[in-house]
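# Structural overview
The chain contents come next:
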Amino acid sequence: MAYTATDDSREKFFEKLIKVNRVTKVNKGGKKLAFRAFVIVGDQNGTVGLATSKSKEVPMAIKRSIEKAKKNMFDINVVDGTIPHKIIGEFKASKVVLRPAPEGTGVIAGGSIRILLESLGIENIVAKSIGSNNSLNMAKAALNGLRKLKKQADVEERRGVKLTLKKSSVDVKEEESDGTDKDEN
């Protein structure tokens, strides 16, 4: 089910078909068949959207869900290819725990959560789904968590103090080695 399409307009989006379901409605005259497409759309630069749409034909359902996802895009706080802090997203019976990861870790997630994070442009993150394994509910739970991420400027303004982020031990060692080289010269 790896359907990837490109948009012809000036903005390029990463569009990924996650699932196509066959759904039926029982009427007086018999069963009415339709298809539901679940699509995730992102610009791989901090903006993502997801949507589902139904139609009697699969290509029409895919097209409609892509258009719907582009109308419902969300800006997510991404810092240096990861998220700024740990967060838990919930949607119905699905829970998704999202944790920031150091450089070089990659995207450690499964199913629709992985596609959502890659379409968002996140390079280093660890995600764990708890509860229901329904792909639509897991993606919505992950998006719910990502939307709750806080920006550093907003937290500073609310608290009334200036926050400084901790440097990793690698950054500190590099600065120390740079400082000793300058002293010796």
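Refer to the structure printed above.
Quantities reported herein were computed from a predicted structural model and do not represent experimental measurements.

What follows deals with the layout of surface pockets. By volume, the second largest pocket amounts to about 250 Å³. Elements that contribute at least two residues to the lining of the second largest pocket include exactly strand E4 (47-55) and helix H3 (135-147). The greatest single-element share of the lining of the second largest pocket, amounting to five residues, is contributed by H3. When grouped by side-chain class, the residues that make up the lining of the second largest pocket number six nonpolar, three polar and three charged.

Relative to strand E3 (residues 30-42), strand E2 (residues 14-27) is paired through 13 bridges, and the arrangement is antiparallel. Residue pairing in the sheet places Asn27 in a bridge with Gly30 of E3. Between the antiparallel neighbours E2 and E3 lie two residues.

Now for helix H1 (residues 58-71). Every α-helix winds through 3.6 residues per turn, so residues three or four apart in the chain are directed the same way. For H1, which comprises 14 residues, the first-to-last C-alpha distance of 20 Å matches the rise-based estimate of 20 Å (1.5 Å per residue) to within 8%. Every buried residue belonging to H1 is among Ala61, Ile62, Ser65, Ile66 and Ala69, and all of these are buried. Seen from one end, H1 has its buried residues packed into an arc of 135°, which puts them on one side. Seen from the open side of H1, the exposed residues pointing more than 90 degrees away from its buried face are Pro59 and Lys71. In this structure, the buried side of H1 is in contact with E2, E3 and E4.

With that settled, the discussion passes to the pattern of salt bridges. The final tally for this structure, using the stated rule, is four salt bridges. Close ionic contact of Arg114 with Glu118 constitutes a salt bridge, the shortest N to O distance being 3.1 Å. Here Arg114 pairs with Glu118, and both are found in helix H2 (residues 111-120), just four residues apart, close to one helical turn. On the basis of relative accessibility, which here comes to 32%, the residue Arg114 falls in the partly exposed class. Classification of Glu118 as partly exposed rests on a relative accessible area of 32%.

To continue, consider the sheet that holds strand E6 (residues 87-91). The four strands lie next to each other as E6-E7-E9-E8, forming an open sheet whose pairing is mixed. Whereas interior strands pair on both sides, the edge strands pair on one side only; in this sheet they are E6 and strand E8 (107-108). The sheet contact formed by E6 and strand E7 (residues 94-100) spans five bridges and is antiparallel. By the bridge assignment for E7, Gly89 is matched with Val96. Sheet strands in contact with H2 are E7, E8 and strand E9 (125-131), and its direction is about 145° off that of E9. Sheet contacts for H3: E6, E7 and E9; angle to E6, the most-contacted strand, approximately 135°.

Another aspect to go through is the packing of H2 against H3. Two quantities define a packed helix pair, namely the angle between the helix axes and the distance between the axes. Between H2 and H3, the shortest axis-to-axis distance is 8 Å and the interhelical angle comes to 40°. Accordingly, the angle class assigned to the pair H2 and H3 is oblique. Where H2 crosses over H3, the handedness of that crossing is right-handed. On the side of H2, the interface is formed by Ser112, Ile113, Leu116, Leu117 and Leu120, while H3 contributes Ser135, Met138, Ala139, Ala142, Leu143 and Leu146. Taken together, the residues of the contact of H2 with H3 sort by class into nine nonpolar, two polar and no charged.

What counts as what
Residues numbered from 1 in each chain as written. Predicted model: local features only at pLDDT ≥ 70, side-chain atom pairs only at ≥ 80, totals over all residues. Heavy atoms only, no water. 1 Å grid on protein atoms, 1.4 Å probe; cavity = no way out; pocket = protein on both sides within 12 Å on 5 of 7 lines; lining within 4 Å. Points joined across faces, edges and corners; volume = space filled by probe spheres on them. Helix = DSSP H or I, 4+ residues; strand = E, 2+ residues; numbered from the N terminus. Nonpolar A, V, L, I, M, F, W, Y, C, P; charged D, E, K, R; others polar. Pairing = 2+ DSSP bridges. Expected span 1.5 Å × (residues − 1). Buried < 20%, exposed > 50% of the residue type's maximum accessible area, 1.4 Å probe, protein only. Arc of directions from axis to C-beta. Contact = heavy atoms within 4.5 Å. Salt bridge = Lys/Arg side-chain N within 4 Å of Asp/Glu carboxyl O. Axes fitted to C-alpha atoms, helices over the stretch in contact; angles between N-to-C directions. Parallel < 35°, antiparallel > 145°, perpendicular 65-115°, else oblique. Left-handed = near helix turned anticlockwise from the far one by under 90°.

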